[in-house]
Structure formats: structure tokens, C-alpha cells
Amino acid sequence: MITYKEKLSLIGDMIELSKVDGKLHEREYEFIKMVADDLKVRDTDFDELFKIPNELLVFKSEFKRIEHFYRLALLSHCDNHHHDREHEFLYQLGLKLGLNPFSIKRVLHEMEKSPTRMVEADLLFGIFKEQHN
């Protein structure tokens with residue numbers, strides 16, 4: 001279970017990513033709001049996150065870091081306008097999270113190839129696990 005502060009950081013990262021291309025699209029907002037509701041983030045805190053700079057928190061669990069990275073990657077595709085700056089933001093954030101750079105690139109590539117822009121969980125975690133050997 002993640003703390004409330006970690007939940008706020010996660011939502012803050014999503015908001016930062018959604019603003020990278022200069023515009024917060026309605027589908028991006030709806031996706032972020034859905035995740036915030038799922039994480040039980042209070043509406044007042046959610047609204048405040050749009051006004052303050054985000055503090056990156058790195059989860060100790062690699063599973064949580066991969067999950068967080070994948071949520072952000074899904075967000076970058078939800079508006080059907082994948083911008084180069086979003087791709088660079090995701091790559092840099094993945095590095096800050098301590099994820100393997102080759103795995104980051106491969107996951108983003110697999111998402112681009114997929115007609116749904118989604119990657120099966122087994123493949124996702126398998127890509128990161130490959131780099132451990």
C-alpha cells in the first residue's frame with residue numbers, strides 16, 4: 001500500500017506529463033481524475049496539484065516504479081496525440097525512477113506497436129526482468 005503523499009506525487013507526475021505538450025486535453029484530465037478517484041485522493045488536493053510544482057518520490061518497490069511508469073505511458077497515449085516531448089519526459093522520468101534505460105525504450109516501443117497502446121502485464125514485467133540477467 002502506498003502512502004497518501006506517494007499518491008499525490010503519482011498524480012502530480014501525471015499532471016506534469018499531461019502539460020508537456022502545452023495543453024491539458026480533456027481525455028488526459030479525465031484519465032488523471034479517474035486514477036485520483038481510484039486512489040481516493042481528495043478533490044481539494046487533486047485541484048491543488050494543478051497549481052503547485054510536483055515533488056518526485058521514488059518508490060522503493062521496483063514493481064511500484066514499473067507500475068507508475070506504465071500508468072504515465074498510458075496517459076501519454078490517451079489523447080491520441082503522442083508528442084515527442086511526452087516521450088522524452090517519460091524516458092527521463094523512468095531514469096529518475098531507477099528503471100533500466102533499455103527496458104524503458106522497449107516498453108515505449110511495444111506500446112507504439114500495439115493497436116490499443118497497451119502492453120500485457122506479463123510482457124511489461126518480463127521486459128524489465130530481462131535486464132536483471
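Remember, predicted model here, so these are calculated numbers, not experimental data.

K.L.:
Please explain the overall build of the protein as it appears in this structure.
P.N.:
Within the protein, the secondary structure is distributed over seven helices and zero strands. Ordered by position from the N terminus, the helices and strands of the protein form the series α-α-α-α-α-α-α. A compact globule built from 133 residues would reach a C-alpha radius of gyration of about 14 Å, and the protein, at 14 Å, matches this within 12%. Each principal axis of the C-alpha atoms in the protein carries an extent, and together these give about 45 × 30 × 20 Å.

K.L.:
Can you help me understand the packing of helix H5 (residues 84–96) against helix H6 (residues 101–113) in this one?
P.N.:
Each packed pair of helices is defined by two parameters, the angle between the axes and the distance between the axes. It is the contact of H5 with H6, at a shortest axis distance of 9 Å, that shows an interaxial angle of 145°. Relative to H6, H5 is oriented so that their crossing is right-handed. For the pair H5 and H6, contact is made by His87, Leu90, Tyr91, Gly94 and Leu95 and by Pro101, Ile104, Lys105 and Leu108, respectively. Grouping the constituent residues of the contact of H5 with H6 by class yields six nonpolar, two polar and one charged.

K.L.:
Which parts of the structure should I look at to understand the nonpolar core?
P.N.:
A general trend in soluble globular proteins is that nonpolar side chains are found buried together. Ranked by internal contacts, the top residues of the largest apolar core, which has 39 residues, are Ile11, Met14 and Phe69. Residue assignment for this core shows that the elements contributing at least two residues are helix H1 (4–19), helix H2 (26–38), helix H3 (43–49), helix H4 (62–77), H5, H6 and helix H7 (121–130). With seven residues, the single largest contributor to this core is H4. Apart from residues lying up to four places away in sequence, Met14 is in contact with Phe31, Ile32, Val35, Arg71, Leu72 and Leu75.

K.L.:
When you look at the pattern of salt bridges in this model, what are you seeing that I'm missing?
P.N.:
Between side chains of opposite charge, pairing is possible as soon as their charged atoms come close. As enumerated under the stated definition, the model contains six salt bridges in all. In this structure, the salt-bridge partner of Asp43 is Lys33, at a minimum N-O distance of 2.5 Å. Note that Asp43 is positioned in helix H3 and Lys33 in helix H2, a separation of ten residues in sequence. A residue is classified by how much of its surface remains accessible, and Lys33, at 19% relative accessible area, is buried. Measuring nitrogen to oxygen at the nearest pair gives 3.6 Å for the salt bridge that ties Lys64 to Glu67. Here Lys64 and its partner Glu67 are both found in helix H4, three residues apart, which amounts to about one turn of the helix. The exposure class of Lys64 is partly exposed, given its relative accessible area of 26%. For Glu67, a relative accessible area of 25% corresponds to the partly exposed category. Here the residues in one salt-bridge network are Lys33, Asp37 and Asp43, joined through shared partners.

K.L.:
Can you walk me through H1 in this structure?
P.N.:
For the α-helix, the turn length of 3.6 residues means that residues three or four positions removed from each other point alike. Over its 16 residues, H1 extends 23 Å from the first C-alpha to the last, a length consistent with the 22 Å expected when each residue adds 1.5 Å. Taken as a whole, H1 has its buried residues at Lys7, Leu8, Ser9, Leu10, Ile11, Gly12, Asp13, Met14, Ile15, Leu17 and Ser18. The inward-facing, buried residues of H1 abut H2, H3, H4 and H5.

K.L.:
Just checking my understanding: could you explain the packing of H4 against H6 for this structure?
P.N.:
Close contact between H4 and H6 brings their axes to 11 Å; oriented N to C, the two are set at 35°. Taken as a pair, H4 and H6 cross one another with a handedness that is right-handed. Facing H4, whose interface residues are Phe69, Tyr70, Ala73, Leu74 and His77, H6 presents Ile104, Val107, Leu108, Met111 and Glu112. Residues belonging to the contact of H4 with H6 are distributed by class as follows: eight nonpolar, one polar and one charged.

Calculation notes
- Residues numbered from 1 in each chain as written.
- Predicted model: local features only at pLDDT ≥ 70, side-chain atom pairs only at ≥ 80, totals over all residues.
- Heavy atoms only, no water.
- Helix = DSSP H or I, 4+ residues; strand = E, 2+ residues; numbered from the N terminus.
- Rg over C-alpha atoms; globule rule 2.2 N^0.38 Å.
- Axes fitted to C-alpha atoms, helices over the stretch in contact; angles between N-to-C directions.
- Left-handed = near helix turned anticlockwise from the far one by under 90°.
- Contact = heavy atoms within 4.5 Å.
- Nonpolar A, V, L, I, M, F, W, Y, C, P; charged D, E, K, R; others polar.
- Core = buried A, V, L, I, M, F, W, Y, C linked by side-chain atoms within 4.5 Å.
- Buried < 20%, exposed > 50% of the residue type's maximum accessible area, 1.4 Å probe, protein only.
- Salt bridge = Lys/Arg side-chain N within 4 Å of Asp/Glu carboxyl O.
- Expected span 1.5 Å × (residues − 1).

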